[in-house]
There are 4 protein chains.
Amino acid sequence: MIAVLKAGTTQQQIDSLTGWFEQQGLEIHISRGKYQTILGLVGDTTKIDTELLEALDMVESVKRISEPFKSANRKFHPEDTVVTIREDIRIGGGNFQFIAGPCSVESREQILQVAQAVSASGAKLLRGGAFKPRTSPYDFQGLKGEGLALLSEAKKQTGMPIVTEIMNINHLELFEDVDVIQVGARNMQNFELLRELGRVHKPILLKRGLANTLKELLMSAEYIMAGGNNDVILCERGVRTFETYTRNTLDLSAVPMLHELTHLPVIVDPSHATGISRLVKPMAMAAAAAGADGLIIEVHNDPPRALCDGAQSLTPEQFDDVVKSVNRILEAVR
Amino acid sequence: MIAVLKAGTTQQQIDSLTGWFEQQGLEIHISRGKYQTILGLVGDTTKIDTELLEALDMVESVKRISEPFKSANRKFHPEDTVVTIREDIRIGGGNFQFIAGPCSVESREQILQVAQAVSASGAKLLRGGAFKPRTSPYDFQGLKGEGLALLSEAKKQTGMPIVTEIMNINHLELFEDVDVIQVGARNMQNFELLRELGRVHKPILLKRGLANTLKELLMSAEYIMAGGNNDVILCERGVRTFETYTRNTLDLSAVPMLHELTHLPVIVDPSHATGISRLVKPMAMAAAAAGADGLIIEVHNDPPRALCDGAQSLTPEQFDDVVKSVNRILEAVR
Amino acid sequence: MIAVLKAGTTQQQIDSLTGWFEQQGLEIHISRGKYQTILGLVGDTTKIDTELLEALDMVESVKRISEPFKSANRKFHPEDTVVTIREDIRIGGGNFQFIAGPCSVESREQILQVAQAVSASGAKLLRGGAFKPRTSPYDFQGLKGEGLALLSEAKKQTGMPIVTEIMNINHLELFEDVDVIQVGARNMQNFELLRELGRVHKPILLKRGLANTLKELLMSAEYIMAGGNNDVILCERGVRTFETYTRNTLDLSAVPMLHELTHLPVIVDPSHATGISRLVKPMAMAAAAAGADGLIIEVHNDPPRALCDGAQSLTPEQFDDVVKSVNRILEAVR
Amino acid sequence: MIAVLKAGTTQQQIDSLTGWFEQQGLEIHISRGKYQTILGLVGDTTKIDTELLEALDMVESVKRISEPFKSANRKFHPEDTVVTIREDIRIGGGNFQFIAGPCSVESREQILQVAQAVSASGAKLLRGGAFKPRTSPYDFQGLKGEGLALLSEAKKQTGMPIVTEIMNINHLELFEDVDVIQVGARNMQNFELLRELGRVHKPILLKRGLANTLKELLMSAEYIMAGGNNDVILCERGVRTFETYTRNTLDLSAVPMLHELTHLPVIVDPSHATGISRLVKPMAMAAAAAGADGLIIEVHNDPPRALCDGAQSLTPEQFDDVVKSVNRILEAVR
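Residues numbered from 1 in each chain as written. Chains lettered and ligands numbered in written order. Predicted model: local features only at pLDDT ≥ 70, side-chain atom pairs only at ≥ 80, totals over all residues. Heavy atoms only, no water.

1. Brief notes about the overall build of chain A
Condition: For the purposes of this entry, the term helix denotes a DSSP run of H or I that reaches at least four residues, the term strand denotes a run of E that reaches at least two, and both are numbered from the N terminus. For every residue, the accessible area (1.4 Å probe, protein chains only) is compared with the maximum for its type, and the residue is labelled buried under 20%, exposed over 50%, or partly exposed between those bounds. Contacts were defined at the residue level, with two residues in contact if any of their heavy atoms lie within 4.5 Å. Only the protein chains shown count as covering a residue, and every accessible area follows the Shrake-Rupley method with a 1.4 Å probe. A positive count includes Lys and Arg, and a negative count includes Asp and Glu. His and the chain ends are not counted in either. Every charge is mapped onto a representative atom, which is NZ of Lys, CZ of Arg, CG of Asp or CD of Glu.
Secondary structure assignment for chain A yields 10 helices and 14 strands. Judged by the C-alpha coordinates and their principal axes, chain A covers about 75 × 45 × 40 Å. Within chain A, the fraction of its 334 residues that count as buried is 66%. Put simply, of all contacts in chain A between residues at least 6 apart along the chain, 66% involve residues at least 24 apart. Taken as a whole, chain A presents about 11500 Å² of accessible surface, with 47% of it coming from carbon and sulfur. Averaging the positions of the 35 positive and the 42 negative side-chain charges in chain A gives two centres separated by 2 Å.

Dropping the structure here:
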């Protein structure tokens, strides 16, 4: 961390500041210029609040050299984290998984049909929304508890672990049979929810917010990890841009960039990112080529009749084709 | 609402669709072209889920002519909503208020000093954070319950109603003495929180999210109002843009635009929007000139030592100057 | 400027780099840490290409402390620049001007009528487009040379100096009678055009690009000033955001921020920023309250029939009301 | 195209408007509601200026159903355009090409070395900047005419056609030996330049602007094609987002989306998009997986000493590895 002090800062002020840094266990290097004094701070600066520092009268600006996240930082944990969902189902560190299922659980028949189909094609995890975040209070909000029960039934029938979104920490007890808890894009900075999920003993699938940076995503992962839960799977699902042909803009450079910054697995959601079923296949292939650790894809047995996001859902047949195409890419990449 | 049907849609399909619309109480106008059939839907389309509609095979595109929000819509409620915080303190419909106080409550001495100072300058409501949303889990998170108690004490001493942020609906019982409950930018689409606040009998101050549109802000207000709580105060607090000299970009055209779209009062937060104390005065004056119904401004008795956001806090003296300048603008506007 | 060198940089490499900095006339302060060496560079670093520096093997990162623009920088030129268009018409340093006229010059009758009307209301400069940048090659592109001739005639009749946009440096000889040459948002980084305008002896009105930062705007001003033309008027005209109710988002905090960074005058275009005539008045008033040095406003004698941007044009009567309202704000501000 | 007319529009007004549409060769379908009248316009609406239409008093809103571009539109030209640079070097319609070379031409030795190396690895076209758009007037602006001469020499030695950027139409005569003329991101809406390039008999490589939509990119292609030059190659090179770890955000969904919208070839520039050499390989592979028709990649014989954008340049060895990896993806895709 570098702190630039204003001209006119007295020696006494500098001594008081450097004394405080030393108490925080930091090593300090001072460079005095005519117009500025520059302090180089070496050590663990993760817990220094840069806003507090910048608020001091004598400080002109502060710049981090190292990152503000620690548990998620690859520098301190060079090995890939491998998240184990079941002994035979892992994500990260070379383990690639397909997670598939409908946007919303709608009926017993629907979820069972879709689960069997995607399992046959090679998906190892079943996704399905029971609690749905919707912009309008008048839109379909999910089957809630009933949806979770249907997911459990599909899990029993197919043996697939289930992934579903939590929107309210008070619902946690309903999630006992859920294998991976998803935090949606709109809750990426719901810090109270993240903090509680840090105490849960289940993997968390954390989606990037619509206009959030990778640093903010990693700080949100850090909230969960700071509570003791290290099984965080990051998910790139498109960011808001000015483009209107696609719903969002899938940021695939986030995949190799995150792999550099963190040891956590990174998966990609091409369905929500594009909002268009025709673009799911090329984007799924591109994500695999970019080094993603998995894909989460919407599949519906009857997309035109889906109660939510039908426009981006694949049929089971289309999903089967995507799996085959992605597998060819994975072989080419290895 | 206009729905464009694809070429090749059969008469039977059209009949089935129009039948459904009629059941929803809508009047339908059909225009048949060689390539498309256009349905014009007249009536209350608020509760039509456009995504469901667009997911139908036969539908090419759907366009709303009227807005998807209803309770918040000025068309159905032409008079300005006036939010009454106390008999003598109202916001909206020509009632302009200054809300002032520190970013965070830090100590008894701090909050009492600031409260007395801003009250003397003309602020009628006291703000202060007890629960603070911070990007990093290692940054100062507020005094929490203790902060709320200190706010109550300041309220007792000065008679000022208090405004403070809620981050978790489970904290609600701690907010009994709070007069206006704030929803922060990061929780603008925390739909579970919004829904619960719809059942509360207190005014809600709803801040616009960092990358959210005015329509999304109004849909979030609609979540609260759909629960029966109509006392929603909207707050423009800057949106994320590519500009880096200022923390965010204050969107002042949101003020007259929202006044057109909704009857709810609209206030402006120039402190968070710019992040720079020197810009608070010109932006506060501009907000008043643009027709805002109030201002929420950070004031700290010792900004350089503030535990949070000191860079954007005014001293009590600076705040006094802002109030005087804004009052001159308000007179010129009347 | 601060350069952070990587661990493992040899003394010989450091000597070679510091030697080069000394040749550029910079003073160097070295701070050696275990993991990094930090170089503090003091002096005129404007002409140091930071990309070249960052490309060096030994350099980890480079941070500017001072700004990369020099001629436009208030630090080196603390007094406001006052641009003199005619002895009695100045902009900047306390001189506020209204610039008004139609988006496009359409006919002799139109431009003369509008010119007389806006002059009577208090506008001192006439604007009108002869060359129009349009997204589609099939849209109306302006009357070109004929439009310039009509502007000249209006200037002769009313005595108002004229402001119009240049899109191609090869048209320069047609601009002989033009008093202020405008560079549009889409050409803000047409560096070849800017460079040529640096050799012209007329004031340049430089509009901010749709997604450009203030630093980029100032660097573009620097291109003009580097050629010897210091009469640059900056214009905030809205930036692209995710908001769709307004065409762009007017960034009024740009006004006080630019006043801090530069000595050049700053005007505001509320017509293009919002795209909605009803928002022009509140935004014009807000711009004046924020400290703008002038306003450029679209006025048309028959807005619904305007060949371009009619939706944002005021009638002469509406413009008269805006001038009166803005003048009240200007009095309140003084 | 759909036009919604306001309540209260008279029959005479409607007749006059529909009469005008009929003159433009459009078929009209009228749907009358109590609150609105909806006109459905069928036929070639490309040349209808929607802004003019929206400016009419009686019109509430206008919505295009079909796209505003015509020459570039796949609907009217279903076959892929194949751009022939030389009999044996084609782009589009299944022909994939690597374009490689340094950001800037710096010296005879540099350009010859790089050209030979990339040619040996499989690049068929040589890129190199002679005129460089730089944000600061004080940064290196390219070798200009001398740079073009060095490119010609490299072409003679290696037989590789050359691709280089034009910034000023007055330089056109210097481009006689250039095979593909590039329009840079900052000039994507320099309509005067585009119009002139419509008269040139050489392929144009058109880069997407930093904050431009795909529709705007296609409208800019339309400017060139409207002049008679149909050999336009589109290039996705990253858009501006809030992410700061990467320079821009590569929008790979643009590739399949553009393939749907237009018959023109689409290539990808992973070097400028990410600004980081380590990300070029995964993004190049992802672009190939997404269906790109080619890649334009920066290669420098000595990246740390590059006069421009060294941080994103590959060494010839790294480029060789990228070509091999991309070729494996291309095989997997076929």
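Moving on from the model shown.
2. As for helix α4 (residues 145–158) of chain B
All names here are of chain B. The test is simple: Given the number of residues in a helix, its expected span is that number minus one, multiplied by 1.5 Å.
Helix length check: α4 (14 residues) gives 20 Å between terminal C-alpha atoms against 20 Å at 1.5 Å per residue, within 8%. Residues of α4 that are buried include every one of G147, L148, L150, L151, S152, A154 and K155, and no others. For α4, the elements touching its buried residues are α3 (108–121), β8 (125–127) and β9 (162–165). Directly after α4, the chain includes G159, whose backbone phi takes a positive value near 75°.

3. Considerations on the interface of chain A and chain B
Where we set the bar: Buried area: the accessible surface (1.4 Å probe) lost by two parts on joining, summed over both. A pairing counts as a salt bridge when a side-chain nitrogen of Lys or Arg comes within 4 Å of a carboxyl oxygen of Asp or Glu.
Across the boundary between the two partners, chain A contributes 51 residues, which contact 51 residues of chain B. Surface buried jointly by chain A and chain B totals about 4200 Å² across both partners, of which 51% is contributed by carbon and sulfur atoms. Taken together, the links from chain A to chain B amount to two salt bridges. Secondary-structure elements contributing two or more residues to the side of chain A that touches chain B are α2 (50–54), α5 (191–197) and α6 (214–226) of chain A. In terms of residue count, the dominant contributor to the side of chain A that touches chain B is α6 of chain A (five residues).

4. Some words on the relation of the copies chain A and chain C
Selection criterion: Least-squares superposition of the copies uses the C-alpha atoms of those residues scoring a pLDDT of at least 70 in each of them.
Of the transformation superimposing chain A on chain C, the axial component is 0.0 Å and the angular component is 180°, with the fit at an RMSD of 0.0 Å. Look at the turn and shift together and you get a two-fold axis relating the two. Within chain A, S31 of chain A has its C-alpha nearest the rotation axis, a separation of 2.8 Å. Most of the interface of chain A is mirrored in chain C: 100% of its interface residues are interface residues there too.

5. Let's talk about the interface of chain A and chain C
Quick note on the threshold: Distance and chemistry together define a polar contact, namely a pair of N or O atoms within 3.5 Å, with one atom able to donate a hydrogen and the other to accept it when in protein, and with adjacent residues in sequence counting only for side-chain atoms on both sides. For this classification, the nonpolar set comprises Ala, Val, Leu, Ile, Met, Phe, Trp, Tyr, Cys and Pro, the charged set comprises Asp, Glu, Lys and Arg, and every other residue, Gly included, is treated as polar.
Contacts between the two partners involve 22 residues from chain A, matched on the other side by 22 residues from chain C. Carbon and sulfur atoms make up 68% of the surface buried where chain A meets chain C, a total of about 1700 Å² over both sides. In this assembly, chain A and chain C are joined by zero salt bridges. In this assembly, chain A and chain C are joined by zero residue pairs in polar contact (both at pLDDT 80 or more). Listing elements by their share of the side of chain A that touches chain C, those giving two or more residues are β1 (2–5), β2 (27–32), β3 (37–42) and β4 (59–63) of chain A. Take the side of chain A that touches chain C: its biggest share by element is five residues, from β2 of chain A. Its residues assigned to classes, the side of chain A that touches chain C shows nine nonpolar, seven polar and six charged.

6. Looking at the environment of L148 of chain B
Residue and element names in this part refer to chain B. For L148, the position within the fold is in helix α4. For the pair L148 and G129, spaced 19 residues apart in the sequence, the C-alpha separation amounts to 8.3 Å. Setting aside residues up to four positions removed in sequence, L148 forms contacts with A130, F131, T164, L174, F175 and V178.

7. So, the sheet that holds strand β1 (residues 2–5) of chain B
Residues and elements named next belong to chain B. Applicable threshold: Whether two strands pair comes down to DSSP finding at least two bridges between them. Whenever a helix is involved, its axis is fitted only over the stretch in contact; in every case the axis is a line through C-alpha atoms, and angles between N-to-C directions fall within 0 to 180 degrees.
With respect to topology, four strands assemble into an open sheet ordered β2-β3-β1-β4, the strand pairing being antiparallel. Each having just a single partner strand, β2 (27–32) and β4 (59–63) make up the two edges of the open sheet. Taken pair by pair, the neighbouring strands of this sheet meet at an average axis angle of 15°, ignoring direction.

8. Thoughts on the relation of the copies chain A and chain B
Once chain A has been moved 0.0 Å along the axis and rotated by 180°, it coincides with chain B to within an RMSD of 0.1 Å. Of the residues that chain A buries at the interface, 100% are likewise interface residues in chain B, meaning the two copies contact each other through the same surface.

9. Side note on the pattern of salt bridges
Summed over the entire model, instances satisfying the criterion amount to 70 salt bridges over all chains. With its nearest N and O atoms 2.4 Å apart, the salt bridge here joins E216 of chain B to R240 of chain A. In this pair, E216 of chain B sits in helix α6 (residues 214–226) while R240 of chain A sits in the loop between β12 (232–236) and α7 (254–261), so the two residues belong to two different chains. The residues E216 of chain B and R240 of chain A share a single accessibility class, namely buried. We note a salt bridge from R134 of chain C to D139 of chain C, for which the minimum N-O separation is 3.5 Å. Overall, the relative accessible area of 14% leaves D139 of chain C in the buried class.

10. Details of the environment of S136 of chain C
Tracing the chain through its elements places S136 of chain C in the loop between β8 (125–127) and α4 (145–158). A sequence separation of 34 residues divides S136 of chain C from N170 of chain C, and the C-alpha atoms of the two residues are 22 Å apart.

11. Description of the packing of helix α3 (residues 108–121) of chain A against helix α10 (residues 316–333) of chain A
Angle between the axes and distance between the axes: these two values describe a pair of packed helices. All names here are of chain A. For clarity, the cut-off: In these notes the angle categories are as follows: under 35 degrees is roughly parallel, over 145 is roughly antiparallel, 65 to 115 is roughly perpendicular, and the rest is oblique. The sense of a crossing depends on the near helix, which, turned anticlockwise from the far helix by less than a right angle, makes the crossing left-handed and, turned clockwise, makes it right-handed.
At their nearest, the axes of α3 and α10 sit 9 Å apart, and the two run at 20° to each other. Taken together, the axis directions place α3 and α10 in an arrangement best described as roughly parallel. Of the two possible hands of crossing, α3 and α10 adopt the one that is right-handed. Where α3 approaches α10, its residues A117, V118 and S121 are matched on the opposing element by P316, F319, D320 and V323. Of the residues in the contact of α3 with α10, the class split is five nonpolar, one polar and one charged.

12. Description of the side chain of R134 of chain D
Along the chain, R134 of chain D turns up in the loop between β8 (125–127) and α4 (145–158). A relative accessible area of 6% means that R134 of chain D is categorised as buried. Excluding residues within four positions of it along the chain, R134 of chain D makes contact with D49, E51, F191 and Y223 of chain C together with D139, F140, Q141, L307 and C308 of chain D.

13. Focus: the packing of aromatic side chains
Working definition: an aromatic ring pair is given by the centre-to-centre distance plus the angle between the planes. What counts here: Between 30 and 60 degrees the pair is tilted, below 30 it is stacked and above 60 it is edge-to-face, where a pair is any two Phe, Tyr or Trp rings, Trp via its six-membered ring, whose centres lie within 6.5 Å. Whether a charge sits over a ring comes down to the Lys NZ or Arg CZ being within 6 Å of the ring centre and within 35 degrees of the ring normal.
Inspection of the entire model under this criterion finds 24 aromatic pairs over all chains. Among the aromatic residues, ring-to-ring pairing joins F242 of chain A, F242 of chain B, F242 of chain C together with F242 of chain D into one connected group. Seen from the ring of F242 of chain D, R240 of chain B lies directly overhead, with NZ or CZ sitting 5.9 Å from the centre.

14. Re the packing of helix α6 (residues 214–226) of chain D against helix α7 (residues 254–261) of chain D
Residues and elements named next belong to chain D. One can describe the packing of α6 onto α7 by two numbers: an axis separation of 11 Å at closest approach and a directional angle of 50°. Put simply, α6 runs oblique to α7. Regarding α6 and α7, the two cross each other, and that crossing is right-handed. Together, L214, L217 and L218 of α6 and A254, M257, L258 and L261 of α7 make up the contact between the two elements. Within the contact of α6 with α7, the residues separate by chemical class into seven nonpolar, no polar and no charged.

15. What about the sheet that holds strand β4 (residues 59–63) of chain D?
Residue and element names in this part refer to chain D. One open sheet holds the four strands; their spatial order is β2-β3-β1-β4, and the pairing between them is antiparallel. Both edges of this open sheet fall to β2 (27–32) and β4, since each of them pairs with a single strand only. Each neighbouring strand pair of the sheet contributes to a mean axis angle of 15°, computed without reference to strand direction. When strand β1 (residues 2–5) meets strand β3 (residues 37–42), the two strands line up antiparallel, connected through four bridges. Across the sheet, A3 pairs through a bridge with L39, a residue of β3.

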